[in-house]
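# Structural overview for review
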Amino acid sequence: GESVGLHLPTLSVQEGDNSIINCAYSNSASDYFIWYKQESGKGPQFIIDIRSNMDKRQGQRVTVLLNKTVKHLSLQIAATQPGDSAVYFCAENTGGGNKLTFGTGTQLKVEL
Amino acid sequence: GAGVSQSPSNKVTEKGKDVELRCDPISGHTALYWYRQSLGQGLEFLIYFQGNSAPDKSGLPSDRFSAERTGGSVSTLTIQRTQQEDSAVYLCASVWGDGSYNEQFFGPGTRLTVL
């Protein structure tokens, strides 16, 4: 079946560097994508979203890029901080349905 | 304001016992989701409630799983005759609107351990 997946299970970065977390999706009908951050012992927290009619969206220190040609989604975090250490999930909504399909997550570790 | 709350935060039970997990959504949110998260995995959709409509139960893994939402607010997920493979974190999320393109607000989850 179609699925959402992540390229790297663990990403280690130095404090102050930029982080890039990648996600591949295979359902071409997906039209809405979300990035969530999950800290240990907590539920996922919304970071940023993007619709399929856009290829880039910026938030505070975060940017999401969408490449529909290769079905690729990325999350860029600028000037990574220790508080950014968490698991990051991408999720997709297919065709306006009410369900999200989540990837398996990438663990981001920020080294001092 | 208050976010989504779930109780208990941790539940340890013996195989074969029934368990009930509770979710209190954000007041005014009409949509509510239950997910299951196994160790090191993403979130697996279980069930979706929207207002007074019939719930979408398509993600429930077996007939041992059921959920109710009373008065359009509090929801209870019940697992009967628990098995060890039911061990996971169970997450609840509520949404304002129909959930299609709106942010899902998650609770902290209930960690279920079946011995």
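Every chain begins its residue count from 1, and numbering advances along the sequence as written. Labels are handed out in written order, letters beginning with A for the chains and numbers beginning with 1 for the ligands. Confidence filtering applies because this is a predicted model: local features only for residues at pLDDT of at least 70, side-chain atom pairs given and counted only at 80 or more, and all residues used for totals across whole chains, interfaces and linings. Working from all heavy atoms in the structure, the side-chain values ignore hydrogens and water.

### Remarks on the packing of aromatic side chains
Classification of ring pairs rests on two measures: the distance between centres of Phe, Tyr or Trp rings, Trp counted by its six-membered ring, which must be within 6.5 Å, and the angle between planes, read as stacked under 30 degrees, edge-to-face over 60 and tilted in between. Counted under the stated rule, the structure contains eleven aromatic pairs over all chains. Aromatic pair Tyr33 of chain B and Tyr48 of chain B: ring centres 4.6 Å apart, planes at 40 degrees, arrangement tilted. Placement of the pair is Tyr33 of chain B in strand β4 (residues 31-37) and Tyr48 of chain B in strand β5 (residues 43-50), with a sequence separation of 15 residues. Only protein chains enter the calculation, and the probe is 1.4 Å; a residue is then buried if its accessible area is under 20% of its type maximum, exposed if over 50%, and partly exposed in between. The class for Tyr48 of chain B is buried, based on a relative accessible area of 6%. Grouping aromatic residues by their ring pairs yields a cluster made of Tyr36, Phe46 and Phe102 of chain A together with Tyr33, Tyr35, Phe45, Tyr48 and Phe106 of chain B. A positively charged side chain is recorded as over a ring if its NZ (Lys) or CZ (Arg) lies within 6 Å of the ring centre. The angle to the ring normal must also be within 35 degrees. Seen from the ring of Tyr32 of chain A, Arg51 of chain A lies directly overhead, with NZ or CZ sitting 5.9 Å from the centre. Only DSSP runs of H or I covering at least 4 residues are called helices, and only runs of E covering at least 2 are called strands; the numbering of each starts at the N terminus.

### What to know about unusual backbone geometry
With an omega of -10 degrees, the peptide bond between Ser7 of chain B and Pro8 of chain B qualifies as cis. Here Pro8 of chain B shows up in the loop between β1 (5-7) and β2 (10-13). With a phi angle near 45 degrees, Ala79 of chain A is a residue other than glycine that sits in the positive phi range. Within the element layout of this structure, Ala79 of chain A appears in the loop between β8 (72-77) and β9 (86-94). Here the phi dihedral of Arg81 of chain B falls at roughly 45 degrees; this positive angle occurs in a residue that is not glycine. Within the element layout of this structure, Arg81 of chain B appears in the loop between β7 (75-79) and β8 (88-95). Residue class for Arg81 of chain B comes out partly exposed when judged on its relative accessible area of 42%.

### Quick look at the state of the cysteines
Disulfides are defined as cysteine sulfur pairs within 2.5 Å. Within the structure shown, the criterion is met by two disulfides over all chains. Disulfide partner of Cys23 of chain A: Cys90 of chain A, at an S-S distance of 1.9 Å. The sign of the S-S torsion, about 55 degrees, decides the handedness of the disulfide formed by Cys23 of chain A and Cys90 of chain A: right-handed. Of the two residues, Cys23 of chain A sits in strand β3 (residues 19-25) while Cys90 of chain A sits in strand β9, which places them 67 residues apart along the sequence. With its sulfur 1.8 Å from that of its partner, Cys23 of chain B forms a disulfide with Cys92 of chain B. One disulfide, between Cys23 of chain B and Cys92 of chain B, carries an S-S torsion of -60 degrees and so falls in the left-handed class. Of the two residues, Cys23 of chain B is situated in strand β3 (residues 19-24) and Cys92 of chain B in strand β8; the sequence distance between them amounts to 69 residues. An identical accessibility class is assigned to Cys23 of chain B and Cys92 of chain B; each is buried.

No statement about biological role is implied by the geometric values presented.
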